[in-house]
Structures are given as structure tokens and as C-alpha cells.
Amino acid sequence: DTNGNGKLEESEVREFSRGMLLRVKPDAEFDEAAFQTNFQAMDKNNDGTVSKAELLQSLVDKARQAHAMWTLSLSIAEKRADSSRKFWLTNEYKVG
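A quick note: this is a predicted structure, and the numbers were derived from the prediction, not measured.

## Some details on unusual backbone geometry
Excluding glycine, most residues fall at negative phi; most peptide bonds, likewise, are trans.
Right, on to step 1. Positioned with a positive phi, Asn 46 is a non-glycine residue whose angle comes to about 55°.
Right, on to step 2. Of note, Asn 46 is situated in the loop between helix 2 (32-42) and strand 2 (49-50).

And the structure:
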């Protein structure tokens with residue numbers, strides 16, 4: 001909140017996002033369309049700013065999505081491990 005109005009304006013979020021992208025992926029290009037999609041998702045009341053409550057809700061939503069993806073990935077990995085374990089337990093290892 002660079003202007004101290006208690007909300008994050010689109011330009012403030014864009015500047016922050018560009019700066020973070022440069023630190024994390026210096027060679028990557030800033031994707032304005034993706035930024036707009038994400039900013040609009042955070043701006044729940046469509047007033048062109050992101051309040052503290054909207055930011056918090058956005059972070060909670062992203063954390064839930066990340067947890068769901070992690071749970072799905074873990075489930076897939078466990079199924080693959082079970083499949084491999086069953087294969088090695090039921091088949092003889094044949095050489096040549």
C-alpha cells in the first residue's frame with residue numbers, strides 16, 4: 001500500500017508482481033492477461049482495489065488450492081508406488 005489508503009490499487013499490485021517476477025524468474029516476461037485475471041479474482045467487490053479482507057481471502061483460497069493439488073499428487077504417487085510394489089511381489093525378476 002504505497003499511497004497509504006489502506007487498500008492495494010491495481011498499479012501497486014502490478015508493480016509488486018513485476019518486482020517479484022524479476023527476483024524469482026529474471027528472464028520471464030510479465031503476463032498482463034494473467035495478472036488481470038488474478039487481480040480480478042482478488043478484487044471480490046470489483047471496486048478496482050484489494051482490501052485486507054480480500055487479500056486474506058485470496059491467500060486462503062490459494063492455500064486451499066495448493067493443498068488440494070499436493071493431496072492429489074501424493075495420492076497419485078502412492079498409487080504408483082503400490083502398483084510397483086505389487087508388480088515386484090508377484091513377478092519374478094527375469095534377467096536376459
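Read on for the rest.
## Brief notes about the environment of Ser 73
Right, on to step 1. By secondary structure assignment, the location of Ser 73 is in helix 3 (residues 52-90).
Right, on to step 2. Among the residues examined, Ser 73 registers a relative accessible area of 44% and is labelled partly exposed.

## Here we look at helix 2
Right, on to step 1. Here helix 2 has its buried residues at Phe 35, Phe 39 and Met 42. Axial view of helix 2: buried residues confined to an arc of 55°, hence all on one face. Facing away from the buried side of helix 2 by more than 90 degrees, the exposed set consists of Ala 33 and Thr 37.
Right, on to step 2. Regarding helix 2, its N-cap is Asp 31, as a side-chain oxygen of that residue lies 3.1 Å from the backbone nitrogen of Ala 33 further along.

Scoring rules and cut-offs
Numbers given for residues are sequential positions, taken from 1 along each chain in its written order. It should be noted that, the model being predicted, local features are given only for residues of pLDDT at least 70 and side-chain atom pairs only at 80 or more, the latter also being counted only at that level, while totals for whole chains, interfaces and linings use all residues. Side-chain measures were taken over the full set of non-hydrogen atoms in the model, leaving aside hydrogen atoms and water. We count a stretch as a helix when DSSP gives it H or I for four or more residues in a row; a strand needs E for two or more, and each element gets its number in order from the N terminus. Throughout this description, buried means an accessible area under 20% of the type-specific maximum (1.4 Å probe, protein chains only), exposed means over 50%, and partly exposed covers the range between. Working note: the arc is built from the helix axis to C-beta atom directions. In the analysis that follows, any N or O atom pair within 3.5 Å is treated as a polar contact, provided that within protein one partner can donate a hydrogen and the other can accept it, and provided that, for residues neighboring in sequence, both atoms belong to side chains.

Read these as spatial facts, not as claims about activity.
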